[in-house]
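Structural features, examined
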Amino acid sequence: MPSTLTLAPVVPSAAAEQVRAEVREFLAAELAAGTFTTHVDTWLSGVDPAFSRKLGERGWLGMTWPRRYGGHERTAMERYAVTEELLAAGAPVAAHWIADRQSGPNLLRYGTEAQRAEILPRIAAGECYFVIGMSEPDSGSDLASIRTRATRNGDGDWVVNGAKVWTSNAHTSHYAITLVRTSPADPAHRHAGLSQLLVDLSLPGITVNPIRILDGGHHFNEVVFDDVVVPGDMLLGEEGNGWHQVTAELAFERSGPERFLSTYPLIAEFARRVADSGDPAQLATLGRVSARLLALRQLSLRIAGALDRGELPDIPAALVKDVGTTFEADVIDEVRRAVDVPASLDSPDPLGRALAEAQLHAPGYTLRGGTNEILRGIVARGLGLR
Ligand SMILES: Cc1cc2nc3c(=O)[nH]c(=O)nc-3n(C[C@H](O)[C@H](O)[C@H](O)COP(=O)(O)OP(=O)(O)OC[C@H]3O[C@@H](n4cnc5c(N)ncnc54)[C@H](O)[C@@H]3O)c2cc1C
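Residues numbered from 1 in each chain as written. Predicted model: local features only at pLDDT ≥ 70, side-chain atom pairs only at ≥ 80, totals over all residues. Heavy atoms only, no water.

1. Quick notes on the site of the ligand
As a matter of local geometry, the ligand sits amid 18 residues, with Ser135, Ser141, Trp166, Thr371 and Glu373 nearest to it. One of the backbone N or O atoms of Ser135 is found 2.7 Å from an oxygen atom in the ligand. For the ligand, a nitrogen atom lies 2.9 Å from a polar atom in the side chain of Ser168. Alone, the ligand offers 980 Å² of accessible surface; in the complex the protein occludes 64% of this. When contributions to the shell around the ligand are tallied by element, the ones reaching two or more residues are β7 (218–230) and α12 (372–382). Its residues placed into classes, the shell around the ligand shows 7 nonpolar, 9 polar and 2 charged. The two domains that each donate at least three residues to the shell around the ligand are domain 2 (132–240) and domain 3 (254–383). (Near = heavy atom within 4 Å. Polar contact = N/O pair within 3.5 Å; in protein donor to acceptor, adjacent residues only side chain to side chain. Areas by Shrake-Rupley, 256 points an atom, 1.4 Å probe, with all protein chains shown as cover. Helix = DSSP H or I, 4+ residues; strand = E, 2+ residues; numbered from the N terminus. Nonpolar A, V, L, I, M, F, W, Y, C, P; charged D, E, K, R; others polar. Domains from an automatic or database assignment.)

See below:
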């Protein structure tokens, strides 16, 4: 196998298994108390700040960060165990997900001391939420073509104008790490002149317009910036280094278990049905789905191991996201073919409900975080094929 895709096998540590058991116990108690109910795809649409604060109190946010910033100095493998259990339970984790997964690490890497000291402890406490401000109405895959611009005013502050779109949970979050053009586009150097700003979403001049998804739910938004004055010290990292920073951020975004576990609650419900029926054809479907799931999990775990060793496994991360999100959607077809259950959000049957939720969210699985076509291009480049 090409060395780019070779990752050392990992054995979960005793500490990871210990924290996994603690999270399972916590989730069972919360489910029994009725503080949440299981849903599909909750890492993007299950916003519950009270639940996020509970995770913060238990030390399950900012887990790998230094203690001086509110973190807990635990391993990527321990964090993996926590996120995996939360996803498998379909728990409402969307409020803090982006901040914990990628904005915090981005701040740790590029933030000023003042930015880190002010914001990271609040993320780790489950109190401060972030959104990704990358895509625009005319710029998705071709991110370098963004047109939202920021110019310095006489006070050294940034004046931002433009619009972002598909901004998940902008209506419930506090900051957007916003990719902006800080010098005019140069066709010869398309990736130059971009910067990241830490934008407080309560600033005057920002309008957040909801965009409904197929099930009527609201997690998407359009965010419009109209002469928004962002303090000069809210530049993240270096002016003009935005492209490099965004690329590093996307590696965190693409590698986690949420890229193949969004539809896990549907698999779990299906498994319960098969255990009751003992139907051989349904068992064969469950076997096929489980085998793919376990293979994906091995690859994703190895990426967590590589992160622990300080590596940047961006090529395998792109592969996990491509194969993982394809799997998430395939699960729906597998279950649909195996059982005769009408999919409906109002169904009294939990399998019918999970099927409906998974179907209505499915168009997004392979698009969010970069489309699978783009990811295949990244893998091909990593393998020296283009
Ligand atoms: C559920 C969900 C949540 C999202 N959340 C956020 C968010 O919080 N913040 C944010 O900034 N963005 C977010 N996005 C936006 C997402 O990143 C973009 O949708 C994605 O990058 C694709 O961009 P686009 O929609 O403009 O499609 P386009 O770039 O217009 O692509 C259209 C089609 O053309 C294909 N294509 C384009 N270029 C190429 C190429 N070079 N080679 C081969 N095929 C190509 C694509 O694969 C796709 O199939 C979210 C999207 C979804 C679905």
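Further notes follow.
2. Focus on the nonpolar core
Grouped together as the largest cluster of nonpolar side chains are 55 residues, with contacts concentrated most on Leu27, Phe51, Leu86 and Leu266. Those elements giving two or more residues to this core turn out to be α1 (14–33), α2 (42–45), α3 (49–57), α4 (76–88), α8 (264–277), α9 (280–308), α10 (314–338) and α11 (350–365). Ranked by the residues each element gives to this core, the list is headed by α9, at 8 residues. Three or more residues apiece are contributed to this core by two domains, here domain 1 (14–128) and domain 3 (254–383). Discounting chain neighbours no more than four positions away, the residues touching Leu266 are Val40, Val331, Ile332, Val335, Leu351, Ala354, Leu355 and Ala358. Grouped together as the second largest cluster of nonpolar side chains are 34 residues, Tyr69, Ile177, Val180 and Ala248 included. (Core = buried A, V, L, I, M, F, W, Y, C linked by side-chain atoms within 4.5 Å. Buried < 20%, exposed > 50% of the residue type's maximum accessible area, 1.4 Å probe, protein only. Contact = heavy atoms within 4.5 Å.)

3. Overview of the UniProt feature "domain: Acyl-CoA dehydrogenase/oxidase N-terminal" (unreviewed entry) in the protein
With numbering aligned to this structure, UniProt lists the feature "domain: Acyl-CoA dehydrogenase/oxidase N-terminal" (unreviewed entry) at residues 15–127. Counting secondary structure, residues 15–127 comes out at 65% helix and 0% strand; the distance between its end C-alpha atoms is 26 Å. (UniProt positions renumbered as here; feature names shortened; annotations may be inferred.)

4. What to know about the packing of aromatic side chains
Each aromatic ring pair is summarised here by two numbers: the centre-to-centre distance and the angle between the ring planes. This structure, assessed with the given rule, holds 6 aromatic pairs. Ring centres 5.2 Å apart and planes at 25° place the aromatic pair Phe130 and Tyr175 in the stacked group. In this pair, Phe130 sits in strand β1 (residues 130–133) while Tyr175 sits in strand β4 (residues 175–181), placing the two residues 45 residues apart along the sequence. Across the pair, exposure class does not vary: Phe130 and Tyr175 are buried alike. Centre to centre, the rings of Trp166 and Phe220 are 5.1 Å apart; their planes meet at 55°, and the pair counts as tilted. You can see Trp166 sitting in the loop between β3 (158–165) and β4 and its partner Phe220 sitting in strand β7, a full 54 residues away along the chain. The partly exposed category is assigned to Trp166, whose relative accessible area is 48%. Site record: aromatic cluster; members linked through ring pairs are Phe26, Phe36, Phe51 and Trp60. (Phe/Tyr/Trp six-rings, centres within 6.5 Å; stacked < 30°, edge-to-face > 60°.)

5. Concerning the pairing of β4
Counting buried residues in β4 gives 7 out of 7 residues, a clear majority hidden from the surface. Relative to β4, β1 runs parallel, the two sharing 4 bridges. Looking at the pairing, Val131 lines up with Ala176 of β4. Across 7 bridges, β4 lies against strand β5 (residues 194–200) in antiparallel orientation. Residue Ile177 lies in a different strand from β5, and its bridge partner there is Leu198. (Pairing = 2+ DSSP bridges.)

6. Let's talk about the domain arrangement of the protein
According to the domain assignment, the protein contains domain 1 (14–128), domain 2 (132–240) and domain 3 (254–383). Summed over both partners, the interface of domain 1 with domain 2 comes to about 1200 Å²; 61% of that surface belongs to carbon and sulfur atoms. Ranking the residues of domain 1 by area buried against domain 2 places Leu44, Asn106 and Gln115 at the top, with a combined share of 33%. Here domain 1 is connected to domain 2 by 0 salt bridges. At the boundary of domain 1 with domain 2, the tally comes to 4 residue pairs in polar contact (both at pLDDT 80 or more). Mapped by element, the contributors of at least two residues to the side of domain 1 that touches domain 2 are α2, α5 (94–110) and α6 (113–124). Looking at which element gives the most residues to the side of domain 1 that touches domain 2, the answer is α5, with 8 residues. (Buried area = accessible area lost by both parts, 1.4 Å probe. Salt bridge = Lys/Arg side-chain N within 4 Å of Asp/Glu carboxyl O.)

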